[in-house]
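# Structural overview for review
So the chains spell out like this:
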Amino acid sequence: MPEHYATVNPCYHCMPLGAIFAAKGFEKTLTLLHGSQGCATYMRRHLARHFHEPVDVVSSSLNEKDAIYGGEENLKKALRNTCKQYNLQMIIVASTCLSETIGDDIGAVIKDVEKGVPGMAIPLVSVSTPSYQGSFSRGYWKTIKAALEKLSGKSSPCAQEGDKGRVEKPFINIIPGLVTPQDLRWFLRLGELLGIDFHLLGNYANTFDAPWETSFKLMPEGGSPISYLREAGAALATIEFSVVHPEADSPAVFLQQKFDVPAFRMPYPVGLDAVDKFMKVLTTFRGEKIPGEITENRGRLLDAMADAHKVLFAKKAVLFGESEYVFSVYRTLREWGMECPALVYGERESLLKEEIKEKGITFIDSGSMFELKEWINCNEVDLLLGSSVGASLSLEFGLPLLRRGFPIHDRFGAGRVLTVGYEGTLSLIDDTANMFAAEIHASFRRKLKESYLWKV
Amino acid sequence: MEPIKQAARVDREVGKKAVKEILSAYPAKVAKNRSTHIVVKGKNKGQKIAANTRTIPGIITNRGCCYAGCKGVVIGPIKDMVHITHGPIGCGYYSWATRRNQGMTANKKQMFLPYSFSTDMQDSDIVFGGEKKLELAVKEAYELFKPKAISISATCPVGLIGDDVQAVAGRMQKELGITVIAMNCEGYKGVSQSAGHHIANNKLFQEVIGTEDREYKNPFTINLLGEYNIGGDGWEIKRILEELGYEVVSFLTGDAGVDDIRRAHNAKLNLVQCHRSINYMAEMMKKKYGIPWLKVNFIGVNNTSRTLRDVAKFFGAQELIKRTEEVIERERKEIEPVIDTFRKGIKGRTVMLFVGGSRSHHYQDIFYELGVETVMSGYEFAHRDDYEGRRVLPEIKPDADSKNIEELNVQPDPEKYRPVDGEKIAGLQQKGVPVNDYAGLYPSLPEGALMIDDLNHYETEKLIERLKPDLFCSGIKDKYVVQKMGIPSKQLHSYDYSGPYAGFRGAVIFARDIYQAFNSPSWRYIKPPWETEPEIVATLTEKEKRGGKNAGGNPKRDNPQKSSPD
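Residues numbered from 1 in each chain as written. Chains lettered and ligands numbered in written order. Predicted model: local features only at pLDDT ≥ 70, side-chain atom pairs only at ≥ 80, totals over all residues. Heavy atoms only, no water.

On to the environment of A:Thr207. Residues and elements named next belong to chain A. Within the secondary structure, Thr207 is located in the loop between β7 (197–200) and α10 (227–230). By relative accessible area, Thr207 is classed as buried at 5%. Separated by 20 residues in sequence, Thr207 and Ser227 place their C-alpha atoms 18 Å apart. Look past the residues within four positions of Thr207 in its chain and what remains in contact with it is Lys24, Pro54, Pro220, Glu221, Gly222 and Gly223. One polar contact links the side chain of Thr207 to the main-chain carbonyl oxygen of Lys24, over a distance of 2.7 Å. (Helix = DSSP H or I, 4+ residues; strand = E, 2+ residues; numbered from the N terminus. Buried < 20%, exposed > 50% of the residue type's maximum accessible area, 1.4 Å probe, protein only. Contact = heavy atoms within 4.5 Å. Polar contact = N/O pair within 3.5 Å; in protein donor to acceptor, adjacent residues only side chain to side chain.)

On to the pattern of salt bridges. Residues and elements named next belong to chain B. Scanning all chains against the criterion turns up 68 salt bridges over all chains. Taking the shortest distance from any N to any O, the salt bridge between Arg466 and Glu21 comes out at 2.6 Å. Of this pair, Arg466 sits in helix α19 (residues 457–467) while Glu21 sits in helix α1 (residues 12–24); the two residues are 445 residues apart in sequence, bridging distant segments of the chain. Given the relative accessible area of 34%, Arg466 is considered partly exposed. (Salt bridge = Lys/Arg side-chain N within 4 Å of Asp/Glu carboxyl O.)

Let us now look at the pairing of strand β2 (residues 81–86) of chain B. Residues and elements named next belong to chain B. Burial of β2 is extensive: six of the six residues sit out of reach of the surface. With burial as the criterion, each face of β2 is covered, one bearing Met81, His83 and Thr85 and the other bearing Val82, Ile84 and His86. Relative to strand β4 (residues 149–154), β2 runs parallel, the two sharing six bridges. Of the residues in β4, the one forming a bridge with Thr85 is Ser153. As paired strands, β2 and strand β3 (residues 117–118) are joined by two bridges and run parallel to one another. (Pairing = 2+ DSSP bridges.)

With that settled, consider the domain arrangement of chain A. Residues and elements named next belong to chain A. Along its sequence, chain A is organised into domain 1 (15–149), domain 2 (157–290) and domain 3 (293–445). If you average the C-alpha positions of domain 1 and of domain 2, the two centres end up 24 Å apart. Contact residues are listed per partner, giving 31 residues for domain 1 and 36 residues for domain 2. Interface area, domain 1 with domain 2, both sides summed: about 2900 Å², of which 71% is carbon and sulfur. Inspection of the domain 1/domain 2 interface yields one salt bridge. As a salt-bridge pair, Arg138 and Asp249 come within 2.7 Å of each other at their nearest N and O atoms. (Domains from an automatic or database assignment. Buried area = accessible area lost by both parts, 1.4 Å probe.)

Following the criterion strictly, the structure yields zero disulfides over all chains and no others. The thiol of A:Cys39 is unpaired, and the distance to the nearest cysteine sulfur, on B:Cys156, comes to 5.7 Å. (Disulfide = S-S within 2.5 Å.)

The next point concerns the pairing of strand β9 (residues 263–266) of chain A. All names here are of chain A. As judged from the four bridges shared by strand β8 (residues 237–241) and β9, these two strands associate in the parallel manner. Of the residues in β9, the one forming a bridge with Ile239 is Phe264. With helix α11 (residues 251–259) bridging β8 and its parallel neighbour β9, the resulting β-α-β unit is right-handed. (Right-handed = clockwise from strand over helix to strand, strands pointing away.)

This paragraph deals with the domain arrangement of chain B. Residues and elements named next belong to chain B. Considered domain by domain, chain B is made up of domain 1 (12–60 + 347–381 + 442–545), domain 2 (66–187) and domain 3 (221–334 + 391–430). Between domain 1 and domain 3 lies a buried interface of about 2100 Å² when both sides are counted; carbon and sulfur atoms form 55% of it. The three residues of domain 1 that bury the most area against domain 3 are His362, Phe504 and Arg505, which together make up 33% of that side's buried surface. The closest approach of N and O atoms between Glu395 and Lys48, which form a salt bridge, is 3.8 Å. Contributing elements (two or more residues each) for the side of domain 1 that touches domain 3: α15 (359–369) and α21 (503–519). Take the side of domain 1 that touches domain 3: its biggest share by element is six residues, from α15. For the side of domain 1 that touches domain 3, the per-class residue count stands at nine nonpolar, 11 polar and six charged. (Nonpolar A, V, L, I, M, F, W, Y, C, P; charged D, E, K, R; others polar.)

For the rest of this paragraph, the subject is α11(A). Residue and element names in this part refer to chain A. When we look at burial in α11, the residues that qualify are Pro251, Ala252, Val253, Phe254, Leu255 and Phe259. Where the residues of α11 are buried, they touch α7 (136–151), β6 (171–175), β8 and β9. Where α11 begins, the side chain of Ser250 points an oxygen toward the backbone nitrogen of Ala252, at a separation of 3.3 Å. After α11 finishes, the residue Asp260 shows a positive phi value of roughly 60 degrees.

A few words now on a nonpolar patch on the surface. Residues and elements named next belong to chain A. A contiguous nonpolar patch, built from Ile440, Phe444, Leu448, Tyr452, Leu453 and Trp454 and spanning about 690 Å² of accessible area, is present on the exposed surface. Locating Leu448 in the fold gives a position in helix α18 (residues 421–453). Looking at Leu448, the relative accessible area reads 39%, which means it is partly exposed. (Patch = residues over 30% accessible without salt bridge, like charges linked within 9 Å, V, L, I, M, F, W, Y side chains within 5 Å. Areas by Shrake-Rupley, 256 points an atom, 1.4 Å probe, with all protein chains shown as cover.)

Of note, the bond from A:Leu201 into A:Gly202 is cis; its omega dihedral lies within 30 degrees of zero at 0 degrees. A cis geometry characterises the amide bond from B:Leu252 onward to B:Thr253, with omega recorded as -5 degrees. Along the chain, B:Thr253 turns up in strand β7 (residues 247–253). Positive phi outside glycine occurs at B:Ala97, with the angle close to 55 degrees. On the secondary structure map, B:Ala97 appears in the loop between α4 (89–94) and β3. At B:Asn229, a position not held by glycine, the phi torsion is positive, near 55 degrees. Relative to the assigned elements, B:Asn229 resides in the loop between β6 (221–227) and α10 (233–243).

Right, let's get into the packing of helix α6 (residues 131–145) of chain B against helix α8 (residues 165–176) of chain B. Residue and element names in this part refer to chain B. Relative orientation of the contacting elements α6 and α8 amounts to 35 degrees, with a least axis distance of 10 Å. In this structure, α6 crosses over α8, and the sense of that crossing is right-handed. Residues Glu131, Leu134, Glu135, Val138, Lys139 and Tyr142 of α6 touch α8, and the partners they reach there are Val165, Val168, Arg171, Met172, Glu175 and Leu176. A class-by-class count of the residues in the contact of α6 with α8 yields seven nonpolar, no polar and five charged. (Axes fitted to C-alpha atoms, helices over the stretch in contact; angles between N-to-C directions. Left-handed = near helix turned anticlockwise from the far one by under 90°.)

A word on the interface of chain B and chain A. Between chain B and chain A, the residue contacts involve 71 residues of the former and 67 residues of the latter. Both faces combined, the contact of chain B with chain A buries some 6100 Å², and carbon together with sulfur accounts for 61% of it. It is B:Tyr93, B:Tyr94 and B:Lys484 in chain B that bury the most area against chain A; as a group they hold 14% of the surface buried on that side. The interface formed by chain B and chain A includes two salt bridges.

On to the sheet that holds strand β11 (residues 339–344) of chain A. All names here are of chain A. Spatially, the five strands line up as an open sheet ordered β12-β11-β10-β13-β14, and their pairing is parallel. The sheet is open, and its two borders are formed by β12 (362–364) and β14 (401–403), each paired with just one other strand. Each strand of the sheet is rotated relative to its neighbour by a mean of 20 degrees, with strand direction disregarded. Pairing geometry for strand β10 (residues 316–320) and strand β13 (residues 383–386), over four bridges, is parallel. Bridge assignment links Phe320 to a residue of β13, and that residue is Gly386.

As a further point, take the sheet that holds strand β13 (residues 471–474) of chain B. Two modes of strand pairing occur in sheets, parallel and antiparallel, and in both the strands are linked by backbone hydrogen bonds. Residue and element names in this part refer to chain B. Taken together, six strands build an open sheet; the order of strands is β1-β12-β11-β10-β13-β14 and the sheet is mixed. The two strands at the open ends of the sheet, each matched to only one other strand, are β1 (38–40) and β14 (489–491). Each neighbouring strand pair of the sheet contributes to a mean axis angle of 15 degrees, computed without reference to strand direction. Summarising the sheet, β13 and β14 pair through three bridges and their orientation is parallel. Its bridge partner being in β14, Phe472 is matched across the sheet by Ser489. Where α1 meets the sheet, it contacts β1 and β12 (450–453), and its direction lies at approximately 155 degrees from that of β1.

Structure (structure tokens):
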């Protein structure tokens, strides 16, 4: 392929967007983007269009004067005004390309504000997220880590006794990554089934997918309590769904180093093998057999794999989106005998190439869907699988597009798609197989005629 | 423009009380600032509003940035120009086809609206400069697409690290032999996207308009400025204008081709739809080429009709005036019965409008036609002249922010300046044809209604609670907040993927969409039967007996009968 200097039609986003994703997981928490107000406006719109939900993000609204003389005063004002309007429990202050290039010292401002403003009792977490240093998934991981660095301790009642063995209510930290609200509900239900207390860091199930309620709330209910961050060091373990993201940004590794909490870095529990491994890890904490409901679902997935193999085997799917999700779906599709000849993702920091040992795969790591188009021009493809940025290629090449990942801007219900667990994998295999089934039933007779009758 | 007949008076006291409550929650300084941006329309004319000032940090605004106004609004819709965003990936992504500007080119390969082209700056570009990368990206864009023109839009870091995008554009224009324009529209410039509009206007005026001359046989040549073909609005307008015998030389910039824009100065009249984003261009073309401009409004049946009559009056040809009447009559006959049917399920309700820098005005009139009263109308990024009319322009003092945006010194072109007779203009103005003038939103706002600038998130929620509108029209950032409050919300930026709403046929689609918003049965199921309060059941039944008028609307509050203005 020719060398490219520009990214045309990207399938990845900028870093502060990940910070918003992370902040949305905590109770009464807002993200304050320190930069031009356009960033907040663009990202609010981008998220609202995906989730069909309101998304509040505050900005320090820097202008030209601040760009020259520094925007720290604006940041202070923004923090004060935000606190006055909302009854908050935490603010994530994320930097942008603008404030990073100016060189504003957000940490110093926060210290100042925390000291100088009475009533500013809530934690202010600073995270550096200039878009030119990484993608939205990096922004997510960095933000969770920054929040833990600031707040985590061993402050749970059990930990104070200094003996994990006598913990009355043991729990596991789960850092879910960029999944769907439905996925988060699945994790919580799983915890109930297994009798393990899962502390999701964080939980945007409700904040990104709130039900209609008869009384309107200024801030959506839900999100994990901030205490989950404070007591994270007392957990039995941390499970984080991050394999291709560098360890340097890993919150789980941080907790291991600081508090000796064992870290499990695993792929998203998508696909039989990944879910099995996730369950296996969970059984080590539970010490009992996996409940029947779960093994039944595993059985259903096997059943579905057997049923669908006839339409899935050797089909070629191109995957694009967040590299961690691409990795999980790649592993899953390979379990079904499908091929994934090209993978597109934009995170320069991603280790996807290193993790996938298979030969003959094209990695488009600029996240450019245009490069993918060039590739499709000279290669055979049966399916596009990824976010709605694949829509124009789908139309152009007449290829089916299975919408998964972020963003999905041209369909409804993005927050309610279950992607994890045996059940999420079931929905993936059914949806994938049905893409091909639809094609078979619509064209089988025509193809038969073309091949056998008209040729004669 | 003569104001449309005012709708029934809304209760002034309710608005005043709501405003008081809102301001009381702010720190004193903020309250003082915000109070100047809020007007409760009274009997006295000449109420002032503060606008186009800095956003208060930490207050959730709907405003975007300079880049959004430049690349996203004005430059982006030019369909056969490759638009390169010079910056990290986010800006280019978020401004990618999100405004639903429609376009079509004869040669499919010269259609670039579906593309987002970014230099995707990385750390090293910030440290060592991104000019080289930009240059390579421009070359690459040329190699890949062979476009007629390329635009470069700068994002926040570009200005700070000192990349000279103008120099790159100059070099590339020379080397590639095509038009390459660069805009220094870094996000932090100005106070909102409005600054970006101005920068884009300046650039197109300096480098594109007037670069190709053409003689038109048709005596009725026009440009349509400030129409971005969102949801196909421009195409419906074009259908009507062409049927009347006008030749649209160029659109700025919906469905616009670069070559059309080059020839725009050959037209006899500029029609201005969105005053905010394009008035700079209209004024500059008037000064340099002598082309007058006319404020038009193609939203709503009455406004479209009046606009067509105004344009015909400008050209003054009897045949044209007659044809205009015929077409208006025929078109209205075709659509009015359908609109009337929808109106029955719409009228008697109230709406809050908070859109753009011109749209709230355009839409408060079409709502009036449908029997819906505007209780609040506001803009995100407008200036005082968009509210109060251009007569206040001399009063507006430039401040530190507006001074940063270049005001071009435009002189008449020695060869191409063809002014229209001053007496003719004055005569038209006397007849109420808004040539070279705009009266703003204020005149057609009902008395008692609120006029608010840069409404923020908190104010939106408070006002909805207090004013209890039946519909809220804004963008996607507010939409779901409002719907969670039990009030239907219509996006007037993207039209909720519907449209066109302009012209005659568009008015039907708009009426249908508003009808849907009020009458979807889904709203009736909000309260589960196990929580039903007996009195609400009674109210609903009463209303359903009266023809199901309030079957939609807002279940969270009483819905008193309102007098219908028709």
